[in-house]
Amino acid sequence: MSSLNDHRRFDADAARAALRSKRGPALWRSLEELADSEGFLIWLRDQHSSIAEALQLDRRGFLKYMGASLALAGLSGCGRPPRGQIVPYLRTPPGQIEGVPRFFATCVLRAGYAHGVLVQSRMGRPTKIEGNPHHPASLGATDIFGQADILQLWDPDRSQAISHRGDAAARGELDAALLAMTAGFDRDAGAGLRVLTGTVTSPTLSAQLDELLTKYRGARWHVHQPVDAANEFAGAQLAYGRAVSTRLHFERARVVVSLDADFVSDPAGGLRYAHDYAASRLKLDNTASRLYVIESAPSLTGTMADHRLPLRPDDMSRLALQLAKRLGLSVDVPDDTDPERRRWLDALTTDLEANRAASLVVVGPSQEPWMHALGHVLNAALENVGSTIDYCEPVEKRSAAGCTLSDLVAAIDSGCVDTLLMIGCNPVYDAPVDLRIAEALKRVPHVLHLGLYHDESASLAEWHIPMAHVLESWSDARAYDGTASIVQPLIAPLYDGLSAHEVLAQLLGEEVTEPSVRVRRHWCGLLRDDEAWEAALRTGVIAHSTPPPLTAAVRPGFRLAPTLRTSSEDALDLLFRSDPTIGDGTWANNGWLQELPKPLTQLTWDNAALVSPALAARLNLRNGDVVELSLQDRTVRAPIWVMPGQAPQSVTVHLGYGRRRAGRVGDGLGFDAYSLRTTTAPWRSAGLRLRKTGDRYALAATQHHFNVEGRDLVRSGTLQEYLHDPHFATASDRFAGPPPSLYPSHAAGEYTWGMSIDLNSCIGCSACTIACQAENNIPVVGKDQVSRGREMHWIRVDRYYEGSAERPRVYSQPVPCMMCEHAPCEVVCPVGATVHDSEGLNLQVYNRCVGTRFCSNNCPYKVRRFNFLQYVDESAESLKAQRNPEVTVRGRGVMEKCTYCIQRIESAHIDADRDDRRIRDGDVVTACQAVCPTQAIRFGNMADPQSMVARAKASGRSYVMLGELNTRPRTSYLARLRNPHPSLKDEL
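Note that the coordinates shown come from a computational prediction; the quantities given were computed from them, not determined experimentally.

What to know about the overall build of the chain
Tallying secondary structure elements over the chain gives 31 helices and 38 strands in all. For the chain, the residues scored as buried account for 62% of the 988 residues in total.

Dropping the structure here:
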């Protein structure tokens, strides 16, 4: 742990005193700003170091943090096209035109579930991922992980060779070893054979596993997913007597109650749920939905809530039971004596009763099975089943009872396991610590590991086999609602990796055929001919594959058996959550995701222990203090981050860091929260002990960068205010129209491009940021440069708080270039590098830029980025294959910024000129607009009154940021609206 410089510190006691004495600004970014401490102001003035200091930076240490996008290892050029035929998303003329990209429909996987995507291929090189509008899980959007799949494909740290006991081995040696193993399985019916996988939704892979278990009756298949839906399945088993998959319909719900459920971030259905929830908010009348969120740790869903209540887990369980009692369920629980919670219960009961068959109770995966069962029973009692919620057969293939990771370890301990095949999982790193899986694996004679990386589990395997990336292999997968899709490759395996289908085929003793043949054979019932097969490949969806709804009824005689605990006021709870940007650790070696500011905390390159302001005050903690977290005999050291909105007496840690064999990017970052996690308490552990060590650790956060001194940046109001005055958002503006200006007006061009961002729909997921990075070849700069305020993202997502530090409202605001008509940056550039074009775009001519940075200093929105160092590695072959050839790669000393994806605008110009027509509305879709799951971003020709962007700008909610500066931005915003319950509207 390193120390922070003294001049970056601030007086914590003085800050707390200031917090007690005043509310602070209407909008604030951090506790330091709310306190308005002198130390914070010093930090702001000192956030940018001189260029001379940058040049003294040790190059070796700098490059360590560059990420896969600056890796020094090269590839042997592009891979060959995949063997066999793949089908593009759109029909193309005979013969391929050089340089023209083609799109192919396929799927990427998150926690095993399919997200339908369209992958752009340029001469056989996958370079960009977009959502598939035909796929029910994506509807044309993607999340940050879907965008980062491209970088993972080209990551030079991926495993590149078969290894045997740590030494490189030939494919023939592996084949011989597998043949010898299958001969032994044939003799003893597979006794001692175990297969360990993550969540499996692939019907073809499930069928292969079933074949394996049928052929070798002594074999067993175990499933381990570090962040899974086990509690949800167990809850359905309690309520309905069977495991089912739940499908939620937020677009039909007028009242949603979330019990620790961050549904917009759900790995399986989060994209669709975010889209549907945003759709329910578009009805700007009395039918608009209302969202109540009760949670222990702040989440993206919580930021969208009309009412949010931070509670400890025990208090949340008790409140849920009291709500059930008020709604008529037979529950033995005393009434709450807390006046605020009684008001909440009154409001919840009234709203849910008034919206039967149009409400929804959602329970998060961290809650115990009985809480999930309670959620099912409440939805049934409120007549929501069949309306806002339905069920289907389990989407993920569940292994037989007694086949968990714990059962596997027990079998190893009893000497029953001779051969273990691990497919795409890493239990040595992410298994509960009490299983001691590393010690167990050392007692297995033959361990085979199939994975993308030579990770912690691979290091203990006898055989490690490189796994083909999802964009390199044939397979299939189901989405959250059960809809199946074919996974088709875009490129042949770069490192001759194998798919799970190929390895299992060898274990089954089959002749290894093309995986596409096996996949097609599995779907011969629905895809009976070439036409049906090609249609499934072209659209990315297998028609008629969605399972029908099940009729689910609560078991007769069902009674809740809750496990209620009573915690003392001083006792601490430790909460485990998946990391917002690197997930469960799978993405630890991805530089894009490591540098992406995490929603809410805005941290990069690290995780931290999140504590509430009240707990920080009681224990005299401040950001960056290193503490010791102890549970029984397990201890880990972690830096503190004070988190507004965190439940009192609860500490949240994010999984995914502390990797030891992730790759050159991810190794050694953060602390390993898995070392505190056990099988009996995977989500929440009581009895946490927290000790301040006195050490400090430097955390790189972007929340202070580009502060705009409390001016009116985010505008919000209530639905009733909007219905009373649709122009409430601009009522305080001095001018009804653009004020007079000394700048000369620009001549109108053929098109007038503009953008509108709806803050009522934006969930702050930062998908727009990483989509822009993937589209525009934006480099990774590393933790040190981020801490100096030199991150390079062209669109940032600012986070603001309103209200008290304990229970603030949260607002997210994406900020790209404002494309000012009267741009302050243009008049100060001495070489004409920043110029205005005929269609109103503020352009940056890279080969003119001499790096004066006058334009950045003169930009009031701080949206320009400067290459202080040579951030881009121009020698790595992997990057040459991954980059978008339509966007210039910048070098040291050059300013860069958002261009409204001018390369896409020019492509639309070319298409329109070729067809002798004008560009139609929707022909140009920017990268940030395309990725957004809630369609919060609209772009187009403002001169066309029927365009989406023109209609958005005509709304009474429309306003421009810092309009009083008269820069006349082309980017505008739609004000955020809340729909509070009348009895809770004064909760701040």
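Concerning the nonpolar core
The biggest cluster of nonpolar side chains holds 85 residues, and the ones touching the most others in it are Leu593, Trp753, Tyr861, Tyr900 and Tyr973. Apart from residues lying up to four places away in sequence, Leu593 is in contact with Ile144, Phe145, Ala148, Thr581, Ile582, Trp587 and Ile770. Membership of the second largest hydrophobic core comes to 34 residues, among which are Ala236, Leu248, Leu291 and Ile763.

Quick look at the side chain of Asp606
Along the chain, Asp606 falls in the loop between strand E20 (603-604) and strand E21 (609-611). Using a relative accessible area of 1% as the deciding quantity, one classes Asp606 as buried. Looking at Asp606, its side chain comes within polar contact range of the side chain of Lys783, at 2.6 Å. Here Asp606 is in contact with Lys598, Tyr657, Leu669, Gly670, Tyr697, Ala698, Leu699 and Lys783, once residues within four sequence places are set aside.

Focus: the packing of aromatic side chains
Across all of its chains, the model carries 15 aromatic pairs by this definition. Aromatic pair Phe250 and Tyr273: ring centres 5.2 Å apart, planes at 65°, arrangement edge-to-face. Of this pair, Phe250 sits in the loop between strand E8 (245-248) and strand E9 (255-259) while Tyr273 is found in helix H10 (residues 270-281), placing the two residues 23 residues apart along the sequence. Considering the side-chain rings of Tyr751 and Trp753, the 5.3 Å spacing of their centres and the 15° angle between planes classify their relative orientation as stacked. A connected cluster of aromatic rings, assembled from ring pairs, spans Phe250, Phe263, Tyr273, Tyr277 and Tyr480. The residue whose ring lies beneath Arg677 is Trp683, and the NZ or CZ to ring-centre distance is 5.1 Å. Just above the ring of Phe868 sits the side chain of Arg790; from NZ or CZ to the centre is 3.9 Å.

Let's talk about helix H8 (residues 203-215)
Residues spaced three or four apart along an α-helix face the same direction, because each turn holds 3.6 residues. A rise of 1.5 Å per residue sets the reference length of H8, with its 13 residues, at 18 Å; its end C-alpha atoms lie 18 Å apart and thus fit the reference within 8%. Among the residues of H8, Pro203, Thr204, Leu205, Ser206, Gln208, Leu209 and Leu212 are the ones counted as buried. Contacts from the buried residues of H8 go to strand E6 (193-197), strand E7 (220-223), strand E17 (475-478), helix H18 (500-507) and helix H19 (515-522).

Description of the pattern of salt bridges
Once the charged atoms of two side chains with opposite charge are near each other, the side chains can pair. For the coordinates displayed, the defined rule picks out 54 salt bridges. A cluster of three or more residues bridged by salt bridges with shared partners is formed by Asp911, Arg914, Asp915, Arg917, Arg920 and Asp923.

Regarding the packing of helix H12 (residues 313-326) against helix H13 (residues 339-354)
Their axes nearest at 10 Å, the elements H12 and H13 cross at an angle of 45°. Classified by the angle between their axes, H12 and H13 sit oblique to one another. Crossing hand, H12 versus H13: right-handed. From H12, Asp315, Leu319, Gln322, Leu323 and Arg326 reach across to H13, where they touch Arg341, Arg342, Leu345, Asp346, Leu348, Thr349 and Leu352. The residue inventory of the contact of H12 with H13, partitioned by class, reads 5 nonpolar, 2 polar and 5 charged.

Side note on the environment of Cys425
Turning to its location among the elements, Cys425 is positioned in the loop between strand E14 (419-423) and helix H16 (427-430). On the basis of relative accessible area, Cys425 is assigned to the buried category, the value being 8%. It is 9.6 Å that separates the C-alpha atoms of Cys425 and Thr199, two residues lying 226 residues apart in sequence.

A word on helix H15 (residues 405-413)
Those residues of H15 lying buried are Leu405, Leu408, Val409, Ala411 and Ile412. Buried residues of H15, seen end-on, are gathered within an arc of 160° and therefore sit on one face of the element. Looking at the buried side of H15, the elements it contacts are E6, E7, E14, H16 and helix H17 (437-441).

Re the packing of helix H6 (residues 144-153) against helix H24 (residues 767-775)
Between H6 and H24, the shortest axis-to-axis distance is 9 Å and the interhelical angle comes to 20°. With respect to each other, H6 and H24 are oriented roughly parallel. As H6 runs across H24, the sense of the crossing is left-handed. Where H6 approaches H24, its residues Ile144, Gln147 and Ala148 are matched on the opposing element by Ala767, Ile770, Ala771 and Ala774.

Some words on the sheet that holds strand E3 (residues 125-131)
If you trace the 3 strands from one edge of the open sheet to the other, you get E1-E2-E3, paired in antiparallel fashion. Either end of the sheet is taken by a strand with one partner, and the two such strands are strand E1 (102-110) and E3. Taking each pair of neighbouring strands and ignoring which way they run, the sheet shows an average axis angle of 40°.

Notes on the pairing of strand E28 (residues 753-758)
Taking burial as the measure, the 6 residues of E28 include 6 buried ones, the bulk of the element. Residues of E28 alternate between two faces, with Trp753, Met755 and Ile757 on one and Gly754, Ser756 and Asp758 on the opposite face, all of them buried. Judged from the 5 bridges that link them, E28 and strand E35 (residues 937-941) form a sheet pairing that is antiparallel. Considered in E35, the bridge of Ser756 is made with Arg938. Pairing between E28 and strand E37 (residues 971-974): 4 bridges, direction parallel. Within the sheet, the bridge partner assigned to Met755 lies in E37 and is Thr971.

Details of the environment of Gly803
Here Gly803 is to be found in the loop between strand E29 (796-802) and strand E30 (809-815). Classification of Gly803 by relative accessible area gives buried; the value is 6%. Gly803 sits 776 residues away from Leu27 along the chain, and the two C-alpha atoms are 7.8 Å apart.

Some remarks on the environment of Leu311
The topology assignment puts Leu311 in the loop between strand E11 (307-310) and H12. Note on Leu311: relative accessible area 4%, which makes it buried. Taking C-alpha positions, Leu311 is 9.7 Å from Gly645, a pair spaced 334 residues apart along the chain. For Leu311, the residues in contact, after removing those within four places along its chain, are Ile294, Glu295, Ser296, Met316, Leu319, Arg341 and Ala647.

Re the side chain of Asp481
Positionally, Asp481 belongs in the loop between E17 and strand E18 (484-487). If sequence neighbours within four positions are ignored, Asp481 has contacts with Pro136, Arg247, Cys392, Val395, Thr546 and Pro547.

Let's talk about the sheet that holds E35
What links the strands of a sheet is backbone hydrogen bonding, and the strands pair in either a parallel or an antiparallel sense. Overall, mixed pairing links the 4 strands, which are arranged E35-E28-E37-E36 in an open sheet. The sheet terminates laterally at E35 and strand E36 (958-959), the two strands that pair on one side only.

Observations concerning the confidence of the model for the chain
Per-residue pLDDT for the chain has a mean of 87; in total, 88% of the residues score no lower than 70. Predicted confidence for residues 1-10 stays below pLDDT 50, and this span has 27 contacts to residues more than four positions away or in other chains. In this model, residues 47-57 is a region of pLDDT below 50 whose contacts with residues beyond four sequence positions or in other chains number 22 contacts.

A look at the state of the cysteines
Tallying each qualifying case throughout the model produces 0 disulfides. Cys855 takes part in no disulfide bond, and the closest cysteine sulfur, belonging to Cys829, lies 6.3 Å away. The exposure class of Cys855 is buried, given its relative accessible area of 8%. Left without a disulfide partner, Cys859 is nearest to the cysteine sulfur of Cys825, which lies 6.5 Å away.

Reading guide: rules and limits
Each chain has its residues counted from 1, following the order in which its sequence is written. For this predicted model, a pLDDT threshold of at least 70 governs which residues receive local features, and a threshold of 80 or more governs which side-chain atom pairs are given and counted, while totals over whole chains, interfaces and linings are taken from all residues. With hydrogens and water stripped out, all remaining heavy atoms of the structure feed into the side-chain values. Labels follow the DSSP assignment, with helices taken as runs of H or I lasting at least four residues and strands as runs of E lasting at least two, numbered in each case from the N terminus. Relative accessibility under 20% of the residue-type maximum defines a buried residue, over 50% an exposed one, and the middle range a partly exposed one, all with a 1.4 Å probe and only protein chains included. In this text, buried Ala, Val, Leu, Ile, Met, Phe, Trp, Tyr and Cys residues form a nonpolar core when linked through side-chain atoms within 4.5 Å. Should any heavy atoms of two residues lie within 4.5 Å, those residues are counted as being in contact. Polar contacts, as counted here, are pairs of nitrogen or oxygen atoms within 3.5 Å of one another; within protein the pair requires one atom able to donate a hydrogen and one able to accept it, and residues that are adjacent in sequence qualify only if both atoms are side-chain atoms. Two aromatic rings from Phe, Tyr or Trp, using only the six-membered ring of Trp, form a pair when their centres are within 6.5 Å; if the ring planes differ by under 30 degrees the pair is stacked, by over 60 it is edge-to-face, and anything between is tilted. A ring is considered to have a charge above it if a Lys NZ or an Arg CZ atom is located within 6 Å of its centre and within 35 degrees of its normal. Given the number of residues in a helix, its expected span is that number minus one, multiplied by 1.5 Å. For this document, the term salt bridge refers to a Lys or Arg side-chain nitrogen within 4 Å of an Asp or Glu carboxyl oxygen. Every angle, taken between N-to-C directions, lies between 0 and 180 degrees, and every axis is a line fitted to C-alpha atoms, over only the stretch in contact when it is a helix. Roughly parallel covers angles under 35 degrees, roughly antiparallel covers those over 145, roughly perpendicular covers 65 to 115, and oblique covers all other angles. Crossing handedness: left-handed means the near helix sits turned counterclockwise from the far one by under a right angle, and right-handed means the same turn made clockwise. Each residue gets one label: Ala, Val, Leu, Ile, Met, Phe, Trp, Tyr, Cys and Pro are nonpolar, Asp, Glu, Lys and Arg are charged, and the others, such as Gly, are polar. The arc refers to the directions leading from the helix axis to the C-beta atoms. For two strands to be treated as a pair, DSSP must find no fewer than two bridges joining them. Each residue carries a pLDDT score, the predictor's confidence in it, ranging from 0 to 100. By convention in this document, the label disulfide applies to cysteine sulfur atom pairs within 2.5 Å.

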